[in-house]
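Residues per chain are reported as follows:
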Amino acid sequence: MNKIFDFWGNLPNKKRGLLFVAAGMLCLAGCILLLLFTESIFSTVLLYFSLGFNIIGLYILLWIKDRRDKDEEK
């Protein structure tokens, strides 16, 4: 477990944001597949996870961009 925390702690913020967006896209793909081939309530749960992961990932990426823009102005 400590290896996972060390790996996550050593990742740059941009890669963390991209991982959240990738997880969100994976959940969204799973949600669409479940909606197409089944009538599972789990597809709704995956949709909410997808939205959450994408919002977190995009927030991190936008935060990095904003911080980089502020650093360039100085």
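This text goes with the structure placed above it.
All values derive from a computational prediction rather than experimental measurement.

Engineer: It is not clear to me how the packing of aromatic side chains should be interpreted in this structure. Could you clarify?
Structural biologist: Aromatic rings considered in pairs are described by the distance between their centres and by the relative angle of their planes. Following the criterion strictly, the structure yields 2 aromatic pairs and no others. Look at Phe20 and Phe53: their rings are 6.1 Å apart centre to centre, the planes differ by 35°, and that puts the pair in the tilted class. A residue pair is termed long-range when its members are at least 10 positions apart, and Phe20 in helix H2 (residues 13–37) and Phe53 in helix H3 (residues 42–73) qualify at 33 residues. Its relative accessible area of 26% is what places Phe53 among the partly exposed residues. Members of the aromatic cluster, connected to one another through ring pairs, are Phe20, Phe49 and Phe53.

Engineer: Honestly, the environment of Asn2 in this entry has me stumped. Any pointers?
Structural biologist: Inspection of the secondary structure puts Asn2 in helix H1 (residues 2–10). Sequence-wise, Asn2 and Leu35 are 33 residues apart; in three dimensions their C-alpha atoms are separated by 37 Å.

Engineer: Looking at this structure, how should I read the side chain of Asn54?
Structural biologist: Structurally, Asn54 is set in helix H3. Taking relative accessible area as the criterion, Asn54 reaches 11% and is therefore assigned buried. Excluding anything up to four places from it in sequence, Asn54 contacts Phe20, Val21, Gly24 and Met25.

Engineer: Would you explain a nonpolar patch on the surface in this entry?
Structural biologist: On the surface, a cluster of nonpolar side chains totalling about 460 Å² of accessible area is made up of Ile32, Leu33, Leu36 and Phe37. Tracing the sequence through the fold places Phe37 in helix H2. By relative accessible area, which is 67% here, Phe37 ends up exposed.

Engineer: Any chance you could explain the environment of Ile32 here in plain terms?
Structural biologist: Tracing the chain through its elements places Ile32 in helix H2. Remark: the alpha-carbon pair of Ile32 and Gly57, spanning 25 residues in sequence, is separated by 20 Å.

Engineer: I keep staring at the side chain of Arg16 and nothing clicks. Help me out?
Structural biologist: Mapped onto the elements, Arg16 comes out in helix H2. Within the buried set, Arg16 has no salt-bridge partner at all; the shortest N-O distance to an opposite charge, 10 Å, is to Asp6. Every residue in contact with Arg16, bar those within four places of it in the chain, is listed here: Trp8, Gly9 and Leu11.

How each quantity is defined
Residues numbered from 1 in each chain as written. Predicted model: local features only at pLDDT ≥ 70, side-chain atom pairs only at ≥ 80, totals over all residues. Heavy atoms only, no water. Phe/Tyr/Trp six-rings, centres within 6.5 Å; stacked < 30°, edge-to-face > 60°. Helix = DSSP H or I, 4+ residues; strand = E, 2+ residues; numbered from the N terminus. Buried < 20%, exposed > 50% of the residue type's maximum accessible area, 1.4 Å probe, protein only. Contact = heavy atoms within 4.5 Å. Patch = residues over 30% accessible without salt bridge, like charges linked within 9 Å, V, L, I, M, F, W, Y side chains within 5 Å. Areas by Shrake-Rupley, 256 points an atom, 1.4 Å probe, with all protein chains shown as cover. Salt bridge = Lys/Arg side-chain N within 4 Å of Asp/Glu carboxyl O. Lys, Arg positive; Asp, Glu negative; His and termini not counted.

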